[in-house]
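Each chain is listed here by its residues.
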Amino acid sequence: MLDMDVPDHTRLRGLVHKVFTPSRVEQMRTRVQGLADELLVTAAKNRQFDLIVDYALPIPITVISEILGVPVQDRAKFHGWTKNLTSVSQPIQVLWKVPAFIGLITYIRKLCKMRRLDPQDDLISAMAQSNENGEMMTDDELQGMVVLLLIAGHETSVNLIGSGTLALLQYLDQFDLLRQNPTLIKTATEELLRYYSPIETATNRYAREDVTIEGVTIPRGEQVMAVIASANRDESQFDNPDTLDLMRENNKHLAFGLGIHYCVGAPLARLEGHIALNTLLAHMPNLRLAVPTESLRWRSGTTFRGLESLPVTF
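Residues numbered from 1 in each chain as written. Predicted model: local features only at pLDDT ≥ 70, side-chain atom pairs only at ≥ 80, totals over all residues. Heavy atoms only, no water.

### Overview of the nonpolar core
General note: in soluble globular proteins, nonpolar side chains tend to be found buried as a group. Quick reminder of the rule: Residues enter a nonpolar core if they are buried and are Ala, Val, Leu, Ile, Met, Phe, Trp, Tyr or Cys, with the set joined through side-chain atoms within 4.5 Å. When a residue's accessible area, from a 1.4 Å probe over protein chains only, is under 20% of the maximum for its type it is buried; when over 50% it is exposed; and in between it is partly exposed. Numbering of helices and strands runs from the N terminus, with a helix taken as a DSSP run of H or I at least four residues long and a strand as a DSSP run of E at least two residues long. Residue contacts are defined here by distance: any two heavy atoms, one from each residue, within 4.5 Å place the two residues in contact.
Core analysis: the biggest nonpolar cluster contains 84 residues, and L51, Y55, L68, M127, M145, L168 and L287 have the highest contact counts within it. Tallying contributions element by element places helix α9 (residues 139–170) first for this core, with 14 residues. Ignoring any residue separated from it by four or fewer positions in sequence, one finds Y55 in contact with A36, L39, L40, D50, I161, I275, A276, T279 and L280. Among the nonpolar cores identified, the runner-up in size contains six residues, and L160, A255, F256 and A269 belong to it.

### Some words on the packing of helix α3 (residues 29–43) against helix α5 (residues 58–68)
The criterion, for reference: Fitted lines through C-alpha atoms serve as axes, helices being fitted only where they are in contact, and the angles separating the N-to-C directions of these axes extend from 0 to 180 degrees. Helix crossings are classified by the rotation of the near helix relative to the far one: an anticlockwise turn of less than a right angle makes the crossing left-handed, while a clockwise turn makes it right-handed. For this classification, Asp, Glu, Lys and Arg are treated as charged, while Ala, Val, Leu, Ile, Met, Phe, Trp, Tyr, Cys and Pro are nonpolar and the rest, including Gly, are polar.
Packing of α3 against α5 leaves a shortest axis separation of 10 Å and a crossing angle of 145°. Along this stretch, α3 crosses α5, giving a crossing that reads as right-handed. Counting all contacts with α3, which are made through R31, V32, L35, A36 and L39, the residues of α5 involved are P58, I59, T62, V63 and E66. In the contact of α3 with α5, the residues fall into seven nonpolar, one polar and two charged.

### Some thoughts on the side chain of T189
The condition is simple: Think of a polar contact as two N or O atoms within 3.5 Å of one another; within protein, one of them needs to be a possible hydrogen donor and the other a possible acceptor, and neighboring residues in sequence only count if both atoms come from side chains.
Counting through the fold element by element, T189 comes out in helix α11 (residues 185–195). Only 2.8 Å separates the side chain of T189 from the backbone oxygen of I185, close enough to count as a polar contact. When neighbours within four sequence positions are excluded, T189 is seen to be in contact with L160, G273, H274 and L277.

### Considering the pattern of salt bridges
As a reminder, the rule being used: Note on definitions: salt bridges are taken to be side-chain nitrogens of Lys or Arg within 4 Å of carboxyl oxygens of Asp or Glu.
One pass over the full model with this rule turns up 14 salt bridges. Its salt-bridge partner being K77, residue D74 comes within 3.5 Å of it at the nearest N-O pair. A relative accessible area of 10% places D74 in the buried class. With a shortest N-O distance of 3.6 Å, R179 and D176 are connected by a salt bridge. Of this pair, R179 and D176 both sit in helix α10 (residues 172–180), separated by three residues, roughly a single helical turn. The class of R179 is partly exposed, set by a relative accessible area of 32%.

### A closer look at unusual backbone geometry
Between V6 and the following residue, P7, the backbone shows a cis peptide bond with an omega angle of 10°. By secondary structure assignment, the location of P7 is in the segment before α1 (8–19). You will see that N240, though not glycine, has its phi angle at about 45°, which is positive. Following the sequence through the fold, N240 ends up in the loop between α12 (228–231) and α13 (266–283). Non-glycine residue N250 carries a positive phi angle of around 50°. Tracing the backbone shows N250 in the loop between α12 and α13.

### Description of the packing of α9 against α13
Remark: α9 packs on α13, axes separated minimally by 10 Å, with the N-to-C direction vectors making an angle of 35°. The handedness of the crossing between α9 and α13 comes out as right-handed. Facing G153, S157, L160, I161, T165 and L168 of α9, the residues of α13 in contact are A269, E272, G273, A276, L277, L280 and L281. Grouping the amino acids of the contact of α9 with α13 by side-chain chemistry returns eight nonpolar, four polar and one charged.

### Structural notes on α5
Of all eleven residues in α5, ten are buried, a share of seventy percent or more. Of all the positions in α5, only P58, I59, P60, I61, T62, V63, I64, S65, I67 and L68 are classed as buried.

### A look at the environment of E66
As for its position among the elements, E66 is in helix α5. Classification of E66 by relative accessible area gives partly exposed; the value is 27%. Residues contacting E66, with those up to four places away along its chain left out, are M28, R31 and R75.

### Overview of the sheet that holds strand β1 (residues 48–50)
Two modes of strand pairing occur in sheets, parallel and antiparallel, and in both the strands are linked by backbone hydrogen bonds. Selection criterion: Here the rule is simple: two strands pair whenever DSSP picks up at least two bridges between them.
One open sheet holds the three strands; their spatial order is β1-β7-β6, and the pairing between them is antiparallel. Strand pairing shows two members of the sheet lacking a second neighbour, β1 and β6 (288–289), which therefore form its edges. Two strands pair when backbone bridges link them, and β6 and strand β7 (residues 311–313) are joined in this way by two bridges, in the antiparallel orientation. Each residue of the ladder has a partner; that of R288, found in β7, is T313.

### A short note on the packing of aromatic side chains
Test applied: Pairing of aromatic side chains here covers Phe, Tyr and the six-membered ring of Trp, requires ring centres within 6.5 Å, and sorts the geometry by plane angle: under 30 degrees stacked, over 60 edge-to-face, intermediate tilted. As a reminder, the over-ring test applies to NZ of lysine and CZ of arginine, requiring each to be within 6 Å of the ring centre and within 35 degrees of the ring normal.
Under the counting rule described, the total for this entry stands at five aromatic pairs. Between Y171 and Y195, the aromatic rings sit 5.8 Å apart at their centres with planes inclined by 90°, giving edge-to-face as the arrangement. Pair noted here: Y171 is in the loop between α9 and α10 and Y195 is in helix α11, with a separation of 24 residues, a long-range link. Aromatic rings pair up to connect Y171, Y195, Y196 and W298 into one cluster. Above the ring of Y195, the side-chain terminus of R233 is found at 4.1 Å from the ring centroid.

Structure (structure tokens):
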């Protein structure tokens, strides 16, 4: 769906919207809260833990897997596959990803086939049965949609929670502001999305006709890379863009994209971010980095922007 124009994009997005509804997302609120509390109780058994592995990752991978209907025993494999596939910084590395791609697609194909034949109370089954003006998703479209929702449905949230926590630990005045005023979580989350964008660049775009922008002509057919992380630090759009301000107003960031390709999973990501961050600060008001900031490693690749790990203490 990311690579489609209208009318195909409109049809597919309409089918997804019919089943991936705000009410379905809202139903996960209690589950997300329970996961956050449970994970932090376990993490608190050690004075130091990895916030990515022990907290930021388990919440969204569990939630999107449950929504889609992925069996519990298969969820670890999913993260391994998606992490492998989204960590590409050089063209030659694509060749190394073939086994992960084959493993993921083979599993998704089998799961979709099972849900076509024996529908369950999950999103894959709902999409398989969804009908828009007499049209249903083809098998290829259903499989592609599941892959998209799986990857986008947890990778971005992992980055929001992990990188958002890093930003708060880098600006302890903002950490304390949110801890003392948890009702600020909505504006705070938007600022964290802007400051450390979970997506660094949008997926590939191609000019459908010659277009001139700021004196530069992009010929028809040329590839365009939209750098979301740069746009979210644009000094012509944001005052003091390199400063974290949880009370920032008119925060029209592009972390979830714009236009017809606006992220269909944005409500779920926001819900997970709101609960995960507020719960973390409530459980661990003295949370601090356990290593120097300069020692932290960011994941390779040009699409997703997230940390490999985030050692913290409390």
